[in-house]
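Report on the structure
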Amino acid sequence: MKYTFKLLFFSTMIVLCSACTDEYRLERKEDRLYGAWIFESASFKENGDLFRENRDSEFVGDIIEFYRDYTASFDDRRDRIIYPGNWELILDRATFDGENDNEFFLDMDFFDRGRPVMTYLCGVNNLTWERMNLRANVRGGVYYFRLRRI
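Now for a quick tour of the structure.

Criteria and cut-off values
Residues numbered from 1 in each chain as written. Predicted model: local features only at pLDDT ≥ 70, side-chain atom pairs only at ≥ 80, totals over all residues. Heavy atoms only, no water. Phe/Tyr/Trp six-rings, centres within 6.5 Å; stacked < 30°, edge-to-face > 60°. Helix = DSSP H or I, 4+ residues; strand = E, 2+ residues; numbered from the N terminus. Buried < 20%, exposed > 50% of the residue type's maximum accessible area, 1.4 Å probe, protein only. Salt bridge = Lys/Arg side-chain N within 4 Å of Asp/Glu carboxyl O. Contact = heavy atoms within 4.5 Å. Polar contact = N/O pair within 3.5 Å; in protein donor to acceptor, adjacent residues only side chain to side chain. Lys, Arg positive; Asp, Glu negative; His and termini not counted. Expected span 1.5 Å × (residues − 1). Arc of directions from axis to C-beta.

The next subject is the packing of aromatic side chains. On inspection of all chains with the given rule, the structure shows 13 aromatic pairs. Judged by centre distance (5.3 Å) and plane angle (80°), the rings of Phe 39 and Phe 145 are edge-to-face. Pair noted here: Phe 39 is in strand S1 (residues 35-46) and Phe 145 is in strand S9 (residues 141-149), with a separation of 106 residues, a long-range link. A single burial state applies to Phe 39 and to Phe 145, both of which are buried. Taking 5.7 Å as the distance between ring centres and 80° as the angle between the ring planes, the aromatic pair formed by Phe 66 and Trp 87 counts as edge-to-face. Pair noted here: Phe 66 is in strand S3 (residues 63-66) and Trp 87 is in strand S5 (residues 81-91), with a separation of 21 residues, a long-range link. The exposure classification of Phe 66 matches that of Trp 87, with both residues buried. Grouping aromatic residues by their ring pairs yields a cluster made of Phe 39, Phe 44, Phe 59, Phe 74, Phe 110, Tyr 120, Tyr 143 and Phe 145.

Written out as structure tokens, the structure is:
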């Protein structure tokens, strides 16, 4: 009886520890990311500015679609161009800058005729089955994107 209890206890601990691994968390986030997303809002805050500037006219209505083979497409409604690209979801536990504690980052690259057109490394602030909030640091400041699943 004593050995049965110990065996049951250790097997339960192994299952609990393996269920919360980083790879498992990353796979769960990737499962939520697959599919098409439409931009609901976009804003930009230049370095040193106090307030965000609305950039909805640039992005709202654009669609990003993430595929399981780590490719993506960006449908720019304003320019009427679809850019092929690729993506990668990155788990980083060591990130903490006081204001934002992002564990997941979304690296996206989109191309036009083989040349990079858009490259974003975004902090994933919120990712559910229906909504996604991204924060992308670029050379001149920070973009804030809100997307909704189509």
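So, about the pattern of salt bridges. All chains considered together, the criterion is met by eight salt bridges. Taken together, the salt bridges that share partners define one network made up of Glu 40, Arg 131, Arg 146 and Arg 148.

To continue, consider unusual backbone geometry. The backbone phi angle of Tyr 70 is positive, close to 65°, even though this residue is not glycine. Its place among the elements puts Tyr 70 in the loop between S3 and strand S4 (71-76). The phi dihedral of Arg 80 is positive, around 55°, even though this residue is not glycine. Mapped onto the elements of the fold, Arg 80 is located in the loop between S4 and S5.

With respect to the secondary-structure elements, Ser 43 resides in strand S1. According to the relative accessible area criterion, Ser 43 is buried, its value standing at 12%. Each residue touching Ser 43, except ones within four places of it in the same chain, is listed here: Arg 52, Glu 53, Asn 54, Arg 55, Val 142, Tyr 143 and Tyr 144.

Counting through the fold element by element, Asp 109 comes out in strand S6 (residues 104-112). Exposure remark for Asp 109: the relative accessible area of 19% places this residue in the buried category. With 26 residues separating them along the chain, Asp 109 and Tyr 83 place their C-alpha atoms 9.5 Å apart. Every residue in contact with Asp 109, bar those within four places of it in the chain, is listed here: Pro 84, Gly 85, Asn 86, Met 118 and Thr 119. In this structure the side chain of Asp 109 is engaged in a polar contact, spanning 3.2 Å, whose partner is the side chain of Thr 119.

The next subject is the side chain of Glu 30. The residue Glu 30 is located in helix H2 (residues 22-33) in this model. The charged side chain of Glu 30 is buried without a salt bridge, its nearest counter-charge being Arg 68 at 7.5 Å. Apart from residues lying up to four places away in sequence, Glu 30 is in contact with Tyr 70, Trp 87 and Leu 89.

With that settled, the discussion passes to H2. If you check H2, its first and last C-alpha atoms are 17 Å apart, about what 12 residues at 1.5 Å a residue would give, namely 16 Å. Of all the residues in H2, the buried ones are Lys 29, Glu 30, Arg 32 and Leu 33. All buried residues of H2 lie within an arc of 155° about the axis, which places them on one face of the element. Directly beyond the C-terminal end of H2, a positive phi value near 120° is found at Gly 35.

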